[in-house]
Amino acid sequence: MTDILDAGLLLSWYDTHKRILPWRETSDPYRIWLSEVMLQQTQVATVIPYYERFTHAFPDPTSLADADDDLVLKMWEGLGYYNRCHNLIKAMRKVRDEHRGWVPDTPEVFSDLPGVGPYTCAAVQSIAFGHRIAAVDGNVNRVVTRVFALDGVVTTAPVKRAIQEAVDQAIPEDRSGDFNQAMMELGATVCTPRRPGCTHCPLRGICKARDLGKQEAFPVQGAKKKVPLYPVALAVVVDGGKILVQKRPSSGHLAGMWEFPGGRILSEESQVMALRRCLLEELGIVPEVGDMVGSVTHAYSHFKVQLHLYLATIKEGSVTPKKGQPFNWISPDELATLAFPTANRKLFPLLMDALNKVGAP
DNA sequence: GACGCGTGGGG
DNA sequence: TCCCCAAGCGT
């Protein structure tokens, strides 16, 4: 590799063009860490309100470590990738119990914490403590593959090595944190996936992709597989003005979130049949299935669901979850106090309409 | 190394 | 409407 990323150029561009962001107004390692976790696979505009609420409710690692898991998850509700939240809680408890409440200031110790991978370690340790470690995220991948016209699939080992080498060489002794942020800021605001602003890019003079007129051809992505669509039947089981909600297992998909009971509709099975089967299997109850509340579709990262929600009452049996999952009878008002996945939340307004109709004279 | 893991915005 | 993508990590 003949050319090298010019750190001076990037830093002076950053000084002039960086956005004002809440986590850039602090030097608190905890807040910088919190922002980096929230920003994983998540856009700045989405993160800002969550960051503000978290820092207000939990101003330091110990206050987050001492908080109730369900409250923290409720505050994370809607941000997605909920294992980030669970790992964050675990990490803060380790900080409280093993590091006297202080965020570790060495990469070796810090990277041992749950949810801290290579990127987050490099970002926090460089920005908060000045360690000279290059952070490679999606933005950096895009900038570097364009500057050097790296035409292999970006997720393959040789390309990853080349990217790492390029930033390792370029990162300066001074202002390593600002260098990392400059690379990401450039990727986020100028060297964008589509229609990059090459004419006002500080690297326009050395960018090979621009020379070739093929900026948008980089990075080369691997083949994506298309996601399946699963039909799902759910029930609002009503009893004496209360409705039944169930807590998901503490690991896996949507860990620890609350939801309406139900499950996948098998082929050859009607929605109502599926609902009867699932409620018997999961909860040991035979329902009387009533009116449909409504349907919504929702796309997760790796599949889509079509949710069909029905009103129901218990005809036989009492609720005894097969896997010992916690459940709760709540008033409709209390739905807002529990952490629900967005797919379930889409059903809330439909449910309120349905309950008003049933309850009205 | 591949896959599981959310959500909202933009084209 | 649908596809792509965004400051990744754990298994």
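The model shown is predicted, which means the values in this text are computed figures rather than measured ones. (Residues numbered from 1 in each chain as written. Chains lettered and ligands numbered in written order. Predicted model: local features only at pLDDT ≥ 70, side-chain atom pairs only at ≥ 80, totals over all residues. Heavy atoms only, no water.)

Engineer: Any chance you could explain the pairing of strand S6 (residues 304-316) here in plain terms?
Structural biologist: The side chains of a regular strand alternate, residue by residue, between the two faces of the sheet. Relative to S6, strand S1 (residues 229-239) runs parallel, the two being bridged by nine bridges. Within S6, the position partnered with proline 231 by the bridge is glutamine 306. As paired strands, strand S5 (residues 286-299) and S6 are joined by eleven bridges and run antiparallel to one another. Among the inter-strand pairings, proline 287 is bridged to a residue of S6, identified as isoleucine 314. In this antiparallel pair of consecutive strands, S5 and S6, the connection spans four residues. (Pairing = 2+ DSSP bridges. Helix = DSSP H or I, 4+ residues; strand = E, 2+ residues; numbered from the N terminus.)

Engineer: What's the story with the protein's contact with DNA strand C in this structure? I'm lost.
Structural biologist: In the region of DNA strand C, 28 residues are neighbours, and Gln41, Gly115, Asp137, Asn139 and Arg142 sit closest. When atoms of DNA strand C within 4 Å of the protein are split into backbone and base, the sugar-phosphate part holds 69%. With respect to DNA strand C, the backbone of glycine 117 contributes an N or O atom lying 3.0 Å from a phosphate oxygen. Within the side chain of arginine 142, an N or O atom sits 2.2 Å from a phosphate oxygen of DNA strand C. Of the residues contributing to the surface near DNA strand C, the split by class is eleven nonpolar, ten polar and seven charged. (Near = heavy atom within 4 Å. Polar contact = N/O pair within 3.5 Å; in protein donor to acceptor, adjacent residues only side chain to side chain. Nonpolar A, V, L, I, M, F, W, Y, C, P; charged D, E, K, R; others polar.)

Engineer: Whenever I open this one, helix H1 (residues 7-17) confuses me. Can you help?
Structural biologist: Because each turn of an α-helix spans 3.6 residues, side chains separated by three or four positions end up pointing in the same direction. Listed in full, the buried residues belonging to H1 are Ala7, Leu10, Leu11, Trp13 and Tyr14. All buried residues of H1 project into a common sector of 165 degrees when viewed along the axis, lining one side. Looking at the buried residues of H1, the elements they touch are helix H10 (157-170) and helix H11 (176-189). (Buried < 20%, exposed > 50% of the residue type's maximum accessible area, 1.4 Å probe, protein only. Arc of directions from axis to C-beta. Contact = heavy atoms within 4.5 Å.)

Engineer: Honestly, empty space enclosed by the protein in this entry has me stumped. Any pointers?
Structural biologist: Empty space among the atoms can be located by rolling a probe the size of a water molecule over them. A full pass over the atoms with the stated rule returns one cavity of 30 Å³ or more. Counting residues per element, the lining of the largest cavity draws most heavily on helix H9 (residues 138-147), which supplies three residues. (1 Å grid on protein atoms, 1.4 Å probe; cavity = no way out; pocket = protein on both sides within 12 Å on 5 of 7 lines; lining within 4 Å. Points joined across faces, edges and corners; volume = space filled by probe spheres on them.)

Engineer: What is the right way to read the protein's contact with DNA strand B from this model?
Structural biologist: Near DNA strand B there are 19 residues, and of these Tyr82, His253, Leu254, His298 and His302 occur at the shortest range. The share of sugar and phosphate among atoms of DNA strand B within 4 Å of the protein is 60%. The contact in question runs from a phosphate oxygen of DNA strand B to an N or O atom on the backbone of threonine 342, over 3.0 Å. For the surface near DNA strand B, the class distribution of residues is eight nonpolar, ten polar and one charged.

Engineer: Got a minute to help me understand the packing of H9 against H11 in this structure?
Structural biologist: The relative placement of two packed helices is expressed as an angle between their axes plus a distance between the axes. Axis separation between H9 and H11 bottoms out at 8 Å; the angle between their running directions is 80 degrees. Considering the angle they form, H9 stands roughly perpendicular to H11. Between H9 and H11, the residues in contact are Asn139, Val140, Arg142, Val143 and Val144 and Met183, Met184, Leu186, Gly187 and Ala188, respectively. For the contact of H9 with H11, a count of residues per class yields seven nonpolar, two polar and one charged. (Axes fitted to C-alpha atoms, helices over the stretch in contact; angles between N-to-C directions. Parallel < 35°, antiparallel > 145°, perpendicular 65-115°, else oblique.)

Engineer: Before we go on, may I ask you to explain helix H13 (residues 271-283) in this structure?
Structural biologist: In this model H13 runs 17 Å from its N-terminal to its C-terminal C-alpha over 13 residues, within 8% of the 18 Å that 1.5 Å per residue would give. Of the residues making up H13, those classed as buried are Ala274, Leu275, Cys278, Leu279 and Leu283. The buried side chains of H13 occupy one side of the element, clustering within an arc of 125 degrees when seen end-on. The secondary structure elements touched by the buried residues of H13 are S1, strand S2 (242-247), strand S4 (262-264), S5 and S6. A positive phi of about 70 degrees marks glycine 284, the residue just after H13. (Expected span 1.5 Å × (residues − 1).)

Engineer: Whenever I open this one, the packing of aromatic side chains confuses me. Can you help?
Structural biologist: Pairs of aromatic rings are described using the distance from one ring centre to the other and the angle between the two planes. By the definition in use, this model includes nine aromatic pairs. Between the aromatic rings of phenylalanine 54 and phenylalanine 58, the centroid separation amounts to 5.7 Å while the plane-to-plane angle is 65 degrees, which identifies the pairing as edge-to-face. Looking at phenylalanine 54, the relative accessible area reads 0%, which means it is buried. A relative accessible area of 4% means that phenylalanine 58 is categorised as buried. A network of ring pairs unites the aromatic residues Phe54, Phe58 and Trp76 as a single cluster. Taking NZ or CZ as reference, arginine 53 lies 4.8 Å from the ring centre of tyrosine 50, over its face. Sitting above the plane of the tyrosine 230 ring, arginine 264 keeps its charged end 3.8 Å from the centroid. (Phe/Tyr/Trp six-rings, centres within 6.5 Å; stacked < 30°, edge-to-face > 60°. Lys NZ or Arg CZ within 6 Å of the ring centre and 35° of its normal.)

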